[in-house]
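Summary of structural features
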Amino acid sequence: SRRPEAPKAVERLLAQMKESTIPGLEPDTFIYTHVINSWVHSRSPLGAQKAGQYLGEMIELYEGGNDAVVPMASICARVIYAMAKSGESKRAEDEYRRLKRLYEETRDPQLKPNEECKKSYPFCAIAQGDFRTSSKGLE
C-alpha cells in the first residue's frame, strides 16, 4: 500500500510476531516481504534505508539457519532498485554482491540473482554518473 501509515503498521505487526510466544507465529519470508515492499513503495525519504534494514535482518536470520526467512532474489532486487533510485548506489551494488555471495555459498535457487536484479545495476551506474558501465550490468 502507498498509504503513509502502511510501513509503520506492517512494522508493528512484525514486531508483535517477533515478541509472540505462540508457536507458528514467527516472522517468515511473507511478512518480511510485506514490510520491505511497504517501505520500498512508501514516499518516505527513509524508504530505501528501512527496506535495506529489513533485508539485512532477513539475511542474518537466513545465515543463522532460519529457513522460514529466505531473502529471495526478487525481494533483493526491489531493495537494490530503491537504494539506487534514492541515491544509495554504492549500497545497492553492495547488496547485489552480498546476494551473489550468499547464492554462491548456499546454491539456494531462490537466492540466485535474476534478471530483475541485473537490470537494477545499470540504474546504479547511471545514478553514480558512470555511463560507461551502465550497459555492462553485473555478472
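Quick caveat: nothing in here was measured; it's all calculated off a predicted structure.

Turning next to the nonpolar core. In terms of nonpolar packing, the biggest core is built from 33 residues, with Tyr32, Ile36, Tyr54, Leu55 and Leu111 touching the most fellow members. Secondary structure elements with two or more residues in this core: helix H1 (6–19), helix H2 (29–40), helix H3 (47–63), helix H4 (73–85) and helix H5 (89–106). With nine residues, the single largest contributor to this core is H4. Apart from the residues lying within four places of it in its own chain, the contact partners of Leu111 are Tyr62, Val70, Pro71, Met72, Ala73, Leu99, Leu102, Tyr103 and Thr106.

Moving on, we come to the pattern of salt bridges. Counted according to the given criterion, the structure contains eight salt bridges. Linking Arg101 and Glu63 is a salt bridge whose minimum nitrogen-to-oxygen distance equals 3.3 Å. Of this pair, Arg101 sits in helix H5 while Glu63 sits in helix H3; the two residues are 38 residues apart in sequence, bridging distant segments of the chain. Overall, Arg101 belongs to the partly exposed group, its relative accessible area being 31%. A residue is classified by how much of its surface remains accessible, and Glu63, at 42% relative accessible area, is partly exposed. For Arg98, the salt bridge identified is with Glu95, shortest N-O distance 3.1 Å. Of this pair, Arg98 and Glu95 both sit in helix H5, three residues apart, roughly one helical turn. Classification of Glu95 by relative accessible area gives buried; the value is 8%.

Conventions adopted
Residues numbered from 1 in each chain as written. Predicted model: local features only at pLDDT ≥ 70, side-chain atom pairs only at ≥ 80, totals over all residues. Heavy atoms only, no water. Core = buried A, V, L, I, M, F, W, Y, C linked by side-chain atoms within 4.5 Å. Buried < 20%, exposed > 50% of the residue type's maximum accessible area, 1.4 Å probe, protein only. Helix = DSSP H or I, 4+ residues; strand = E, 2+ residues; numbered from the N terminus. Contact = heavy atoms within 4.5 Å. Salt bridge = Lys/Arg side-chain N within 4 Å of Asp/Glu carboxyl O.

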